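Survey of secondary and tertiary structure
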Number of protein chains: 4
Amino acid sequence: MKVGLIGATGYTGVELLRLLAQHPRRPEVSVVTSRQEAGLALTEVFPGLAGLANYDSLVFEAPEQAAGRAEVFFLAAPHGAASALAPGLLAAGARVIDLSADFRLKDPAVFAEWYQPHPAPGLLSEAVYGLPEIWGAAIGRSRLVANPGCYPTTAILGLAPLVKAGLMAENQPVIVDSASGVTGAGRGALLGTSFCEVADGFKAYKVVGHRHTPEMEQELSALGGRPLTVAFTPHLAPMNRGIMSTIYARLALAVPGEELRSIYLDFYKDAPFVRVRPPGFESRTAEVRGTNFCDLSLYPDPRSGLVKIVSAIDNLCRGASGQALANFNLLNGWAETEGLSLAPLYP
Amino acid sequence: MKVGLIGATGYTGVELLRLLAQHPRRPEVSVVTSRQEAGLALTEVFPGLAGLANYDSLVFEAPEQAAGRAEVFFLAAPHGAASALAPGLLAAGARVIDLSADFRLKDPAVFAEWYQPHPAPGLLSEAVYGLPEIWGAAIGRSRLVANPGCYPTTAILGLAPLVKAGLMAENQPVIVDSASGVTGAGRGALLGTSFCEVADGFKAYKVVGHRHTPEMEQELSALGGRPLTVAFTPHLAPMNRGIMSTIYARLALAVPGEELRSIYLDFYKDAPFVRVRPPGFESRTAEVRGTNFCDLSLYPDPRSGLVKIVSAIDNLCRGASGQALANFNLLNGWAETEGLSLAPLYP
Amino acid sequence: MKVGLIGATGYTGVELLRLLAQHPRRPEVSVVTSRQEAGLALTEVFPGLAGLANYDSLVFEAPEQAAGRAEVFFLAAPHGAASALAPGLLAAGARVIDLSADFRLKDPAVFAEWYQPHPAPGLLSEAVYGLPEIWGAAIGRSRLVANPGCYPTTAILGLAPLVKAGLMAENQPVIVDSASGVTGAGRGALLGTSFCEVADGFKAYKVVGHRHTPEMEQELSALGGRPLTVAFTPHLAPMNRGIMSTIYARLALAVPGEELRSIYLDFYKDAPFVRVRPPGFESRTAEVRGTNFCDLSLYPDPRSGLVKIVSAIDNLCRGASGQALANFNLLNGWAETEGLSLAPLYP
Amino acid sequence: MKVGLIGATGYTGVELLRLLAQHPRRPEVSVVTSRQEAGLALTEVFPGLAGLANYDSLVFEAPEQAAGRAEVFFLAAPHGAASALAPGLLAAGARVIDLSADFRLKDPAVFAEWYQPHPAPGLLSEAVYGLPEIWGAAIGRSRLVANPGCYPTTAILGLAPLVKAGLMAENQPVIVDSASGVTGAGRGALLGTSFCEVADGFKAYKVVGHRHTPEMEQELSALGGRPLTVAFTPHLAPMNRGIMSTIYARLALAVPGEELRSIYLDFYKDAPFVRVRPPGFESRTAEVRGTNFCDLSLYPDPRSGLVKIVSAIDNLCRGASGQALANFNLLNGWAETEGLSLAPLYP
């Protein structure tokens, strides 16, 4: 099994390489591309990978040279670049797992509203939203997987059982308040993500209108069979990895805590990566660091009439590359957990 | 002016000493107490204070030895200890600024519900809630100031203009989602606040039932003239100082953004420590680090019909010792800003 | 293959469990012990391990209940406790890998000087110092492995080629200046390792007389065939994992940089975990995070006549549990790298 | 007293503004310049300064517009730019405190060797090296102060008493091993100082040939009256502020610890910012955070025959802007400590 990585010099690229190096099926990375670093050895850019797999022999190439050289491509290119590259790769017979936002929204009009007009709208309907707990079967049959965004992964997994069970109050927005590690901003030289600007501080950003909002709404509305509005606020926390979303949901009727928990346990009974935590559990992103787990905790709050749900992932692993690898497993008909039964790096 | 510090070995104690050392009126710290460290020199416990003010000459004493030796006492003792010590200090003629929660709640029944029966319920009605922007005049006349909690400071300042203007929708809880630095947990040896358990991670704690909830509800209900319910969720972020609260409020009617902003600017027109930020501003706790400022940003969110308010302070300064010093200034009839016109330590 | 973990509630214990969960030979953890947590489920203490291997079924037991229930025991008990437990485990037929300092020093007199009189001095001579690059063959034949200290691992690997080649100037101390992450201090509730005391700061500690000094001197003197004195200074850096040692060595004669590098490349030509970096390389602990690698960089400094060597490891993995697992592989006659060909968690 | 800041958008610039805002003599900042941010309001670039001094009214201008508008200028411009600007400011009658390296080296040949040929070599001999403990009297009389580098400040203060007393062994290099916070790298968007590249890690950089070496050697050689070679290694630690230098010195003869300490206490008896710590003290940069203190600890190490000296400062305050303000005080004939008797921001 040969795999190619397009746009492999970002954090999602190097995270894929980390996970592929430990995969028991030993997929061979046959090509890595980077427009900016073309010509440089992989281990020159990422010295931490020296001595692993075939990585000492890989050299970054231009993305145009990739088509036809792998059976599955991971697109870790920036938003916009992915939709330009995917058609060629697909045409050459490969299957594609895209980690950008380019194929996540189904409706070209919604895509155009939040991004720009889509260059390949026909592929929007073909792409499968790569959240294995919801779309596992379809993923296995697809040739184009739209890997979910990091924040939406937490929000959708945190709300899916409630939404699917029809328990949400109508005409009430759900609030998703999230804190993310800095890897979510990518590997680039920006003043806003420099150490001194981020360390020992906390920041709210894109408080209104973050582009992950329509992705959450699309998936949750589809699951529930009726429109659901999300009020989403992301924050930047001084940590490398991790997203914690604290979700505030109003139910149509009061549901006892134990019953709520049963609904979640039942919904996720075949999901190896979702851990529904016991009552009173205080979630920490450290417990999912470097893993593909999503930890969920439920807290009914009778005083306010709300249910609070805390959903924690590693944004780079479960929120990007780990999830992509789970989708890769599904594409190949392997167990979702192959190469992903990882204990957290703790501390 | 002689001041005494009771329970001075915690982070609020050492923060008071930091601020007092720079105060232009040169208040003299005449006594510092600590039950556990009695007999040790102040600069043995806090070597960072060596060479400043009269601190090299101070030795920790038992709290019982403090009465009568200062005109104003700061009580930085643990919850419970403060209410035991305050009556004696007051009886000896001093004025008291209490940094614990012991005198913040007005209603003994509410206090008993969230803590335990109050040992000196008569003082609950006498104590003034020490939020200068709301109770400034009363603070100047009082002899017992209940210094606000760190989280309530962000929530009350963030919501006061809306509540006071009668703009809040009825029968709707307000959501206060907060992230705090670790100094908020105090200076103690606990596994949960050890470096390795906290660094590079994010945690939700006391997700339901945190004791700062009734304090927020008491003050906001009083301001608005009708009961208001708060759904409050604290989180622990890997930073020393800072609290950011993201508040979700539903208004009774739609208010244009500019009008909203005018209401805040007007409410805080005489408040030197509240900075109402321009539209679109992305607040950061780093911009209030080490200061007494509270930075407020407003974000109407038409899609959800909510108003988001981001409120940021330094939990140790504005959320505790800095606010106590502002109250100290008011007690003495000085400008609230004396010794507190501090630029943030940035970065 | 059944393995037991004695004293499994510290960071070295949980790190062993992380690594064992991914080991391709699937060793079964048959018993985990903890005097303090006996009776608690493993995943209650370490919720991050839920859902992995057989960990959901393990319950901490008292260490006395372990003997005879595994073929290999990892002793992750505190210094002192290990030497009390090892004889019984060995007597019951198991092989033991001890992560404490109890069996690292060969000379009972030296041990007594730096610790206290040794309770089982006969075992000191039997134990093999578990540094695979130096003692690999002997480790495979032993039944008691003394896993090296974290700082000595960096210093010995950094200096071994020079010492072995007889290049060190005589009667000149070697300086080892190290910075460690906080996991090196263990998992305990101490004020000195609390988040607020450590974050955003840097500290020198045990500046003279740290107990890892004789361990470095013993091994380097043995390698070189003559006594070598080490001046060692540890520092605490605000990070979870990682040790970087900057070593200052005076050579008996000037050696050109390329020749120096050849000596190192040759010495480590069969060592899969030592990466000798190219000239000018700026080492970072992030590049070994979570791995068993030791990264070495060499910098001849003609102005001072010294050679600087920078040696970087993950203190918890290579400096403790990863190295223990490499020794476990050697005990079993497996490749040293089994289960340890891990890419760093970066970032 | 009007002061101007040239190149005020870096971290040394904003630190100067922090300190000037609290200065009891109320110097007025009459002009702030920035080539890149010219036209922007000061508080647009640094929102944390809003509401302080006259900062809300300041707008960045081009540096060419500054001459003649202040009595003292702080040059916080990059290396190279400072020596181009200083002559014009001096010619217009102002006094100049330069925070760059442009005027620190006395010998044009040495300057050329480590930087490039100096554009105004005549000023090299006129400039006074702005270390108040050594050159205090000369600073008061000068019109051009070369503010010391951050690393040299720690090394020179740490070694001056030994060197001055003629106690250093001859022909032996002194080793200065330092760890710095990230503000030392300046306020710029660089991959190498991005949060994710720095956090939770430790790095050696410019291991041989860092430009602060000749500055240390110049000052220490001058103090001792004979050449002294320094082997200097800087490291980057994941913290905002702070430098700790661990210095290894070989003495010409053995000096008892108490006598060593007396030499230091005597040398610094009139130095308000140097704190010679008691034997066994474990220095931490946190105890000088935000202050102008330099904390010194001495550790004779009889086993190796070396003396270890640990020297800690806040790199941005004592290592740059705080020291500049002390020099500003001296230029004006004020006490060195005015506006600088600051307690550390702890934690």
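Description of the structure in this document. Note that this is a predicted model, so its numbers are computed, not measured. (Residues numbered from 1 in each chain as written. Chains lettered and ligands numbered in written order. Predicted model: local features only at pLDDT ≥ 70, side-chain atom pairs only at ≥ 80, totals over all residues. Heavy atoms only, no water.)

1. Remarks on the relation of the copies chain A and chain D
Superposition of chain A onto chain D requires a rotation of 180° combined with a translation of 0.0 Å along the rotation axis, giving an RMSD of 0.0 Å. Both copies of the chain, as the preceding transformation shows, are related through a two-fold rotation axis. Of the residues that chain A buries at the interface, 100% are likewise interface residues in chain D, meaning the two copies contact each other through the same surface. (Least-squares fit on C-alpha atoms with pLDDT ≥ 70 in both. Contact = heavy atoms within 4.5 Å.)

2. Quick notes on the interface of chain A and chain D
How big an interface is tends to be stated in terms of the accessible area lost upon association of its parts. Between chain A and chain D, the residue contacts involve 19 residues of the former and 19 residues of the latter. Together chain A and chain D conceal approximately 1,500 Å² of surface at their shared face, both sides included; 64% is due to carbon and sulfur atoms. A salt bridge links Arg-187 of chain D to Glu-197 of chain A; the nearest nitrogen and oxygen atoms lie 3.8 Å apart. Taken together, the links from chain A to chain D amount to four residue pairs in polar contact (both at pLDDT 80 or more). Broken down by element, the side of chain A that touches chain D gets its largest block of residues, four residues, from helix α8 (residues 195-198) of chain A. For the side of chain A that touches chain D, a count of residues per class yields eleven nonpolar, five polar and three charged. (Buried area = accessible area lost by both parts, 1.4 Å probe. Salt bridge = Lys/Arg side-chain N within 4 Å of Asp/Glu carboxyl O. Polar contact = N/O pair within 3.5 Å; in protein donor to acceptor, adjacent residues only side chain to side chain. Helix = DSSP H or I, 4+ residues; strand = E, 2+ residues; numbered from the N terminus. Nonpolar A, V, L, I, M, F, W, Y, C, P; charged D, E, K, R; others polar.)

3. Details of the pairing of strand β12 (residues 294-301) of chain C
All names here are of chain C. Most of β12 is tucked away, with seven of its eight residues classed as buried. Note that strand β11 (residues 274-276) and β12 share three bridges and pair parallel. Residue pairing for β12: Val-276 is matched across the bridge by Leu-296. Relative to strand β13 (residues 306-313), β12 runs antiparallel, the two being bridged by seven bridges. (Buried < 20%, exposed > 50% of the residue type's maximum accessible area, 1.4 Å probe, protein only. Pairing = 2+ DSSP bridges.)

4. A word on the packing of aromatic side chains
Tallied over the entire structure, the rule returns 36 aromatic pairs over all chains. The interplanar angle of 65° and the centroid separation of 6.0 Å between the aromatic rings of Phe-46 of chain A and Tyr-346 of chain C together place this pair among those described as edge-to-face. Of the two residues, Phe-46 of chain A sits in the loop between α2 (42-45) and β3 (72-75) while Tyr-346 of chain C sits in the segment after α11 (317-331), which places them in two different chains. For the pair formed by Phe-46 of chain A and Tyr-346 of chain C, the shared burial category is buried. With a centroid separation of 4.8 Å and 20° between ring planes, the pair formed by Phe-111 of chain B and Tyr-115 of chain B is classed as stacked. Pair check on accessibility: Phe-111 of chain B and Tyr-115 of chain B agree, each one buried. An aromatic cluster is defined as three or more aromatic residues linked by ring pairs; in this entry it consists of Tyr-11 and Phe-46 of chain A together with Tyr-346 of chain C. Geometry around Phe-293 of chain A places Arg-275 of chain A over its ring, the cationic atom sitting 3.8 Å from the centre. (Phe/Tyr/Trp six-rings, centres within 6.5 Å; stacked < 30°, edge-to-face > 60°. Lys NZ or Arg CZ within 6 Å of the ring centre and 35° of its normal.)

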